[in-house]
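# A closer look at the structure
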Amino acid sequence: MKTFDDEFRERYTRLHNVLLEWTSFEVGKDHGLSELLEMIAKKRRHIHVYGNGGSYAQAEHFVAELLGRFEGGNLVRHPASVLGDATILTALHNDLEACWKGPACILDARGETGDLLVVLSTSGTSKSVVELCRLAMAKGIHSILLTGEHTPYDDDTRAQADFELEVPSTNTATIQEVHQVMLHALAAVIKGASCEPS
């Protein structure tokens, strides 16, 4: 049986290696992501966030960072919400008989052109995520997808977003750990830009 120390070191090493692989490939290639985040922050556009399962918990955490005092810094609250009120989702599930459509119905009602959708999905292929990204594109809502490595087999079923931050791993836990680092980086840029004079 592995000890806690062995398990922690193994996971830390795996996370470290994936982060190094991702940054060595992606650094300097954000292709306008920083500019989009700055514009969203300065114009106080609403940020809609969604994920399934563990990714939903991360979505809630990200919204809390945007609304609270991230890293002890400013308390500028950026308008943000998770697409997943339990009462609304269960009512929509009952009405639509397809629970995966619920988050898109909420975005359709609340989202406006120029807003931002941040979606977390380790696979990038869940129906709810694919539908959210499709709707965002149709409504002129900017979108960022945080996901894991994909194969050519899922090209036809994978969500499409303006910016796709793909973790080079198929291990769910590792992908979620890297997503947490990415979310903190996104929060830092948004909160930082919110404090700067327009």
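Starting afresh in each chain, residues are numbered from 1 along the sequence in its written order. Local features are withheld for residues below a pLDDT of 70 in this predicted model, meaning they are given only at 70 or higher, and side-chain atom pairs are given and counted only at 80 or more; totals for whole chains, interfaces and linings count all residues. Remark: hydrogens and water are excluded; side-chain values derive from all non-hydrogen atoms of the structure.

## What to know about unusual backbone geometry
Applicable threshold: Secondary structure elements are taken from DSSP: a helix is a run of H or I of four residues or more, a strand is a run of E of two residues or more, and numbering for both begins at the N terminus. Under the scheme applied here, a residue whose accessible area is under 20% of the maximum for its type counts as buried, over 50% as exposed, and between as partly exposed, the area being computed with a 1.4 Å probe on protein chains only.
Of note, Arg44 is a non-glycine position whose phi angle comes to about 55°, a positive value. You can see Arg44 is positioned in the loop between helix H2 (33–42) and strand S1 (47–51). Taking the relative accessible area as the measure of exposure, Arg44 reaches 40% and is therefore partly exposed.

## Overview of the confidence of the model for the chain
Put simply, the test is: Per-residue confidence from the predictor is reported as pLDDT, a score between 0 and 100.
Confidence in the prediction for the chain averages 83 pLDDT; 80% of positions are at 70 or higher. The weakest mean pLDDT in the chain belongs to helix H4 (residues 86–96) at 62; the strongest belongs to strand S3 (residues 116–121) at 95.

## Concerning a nonpolar patch on the surface
Under the convention used in this document: Put simply, a patch holds well-exposed residues, over 30% relative accessible area, that have no salt bridge, with like charges counted together within 9 Å and Val, Leu, Ile, Met, Phe, Trp or Tyr side chains within 5 Å. Working definition of accessibility: Shrake-Rupley area with a 1.4 Å probe, residue cover restricted to the visible protein chains. Put simply, a salt bridge is a Lys or Arg side-chain nitrogen that is within 4 Å of an Asp or Glu carboxyl oxygen.
A cluster of nonpolar side chains, namely Phe4, Phe8 and Tyr12, defines an oily patch on the protein surface of about 410 Å² accessible area. Summarising the element assignment, Phe4 is placed in helix H1 (residues 4–26). Look at Phe4 and you get exposed, because its relative accessible area is 66%.

## Considerations on the packing of aromatic side chains
When we look at a pair of aromatic rings, we describe it by the centre distance and by the angle of the planes. Operational definition: Pairing of aromatic side chains requires ring centres within 6.5 Å, counting the rings of Phe and Tyr and the six-membered ring of Trp. Pairs whose planes differ by under 30 degrees are stacked, by over 60 edge-to-face, and all others tilted.
Counted according to the given criterion, the structure contains two aromatic pairs. Look at Phe4 and Phe8: their rings are 6.1 Å apart centre to centre, the planes differ by 25°, and that puts the pair in the stacked class. Taken together, the residues Phe4 and Phe8, both in helix H1 and four residues apart, mark about one turn of the helix. Note on Phe8 and Tyr12: the rings are 6.3 Å apart at their centroids and 20° apart in plane angle, and the pair reads as stacked. With Phe8 and Tyr12 both in helix H1 and four residues apart, this pair spans about one turn of that helix. Looking at Tyr12, the relative accessible area reads 51%, which means it is exposed.

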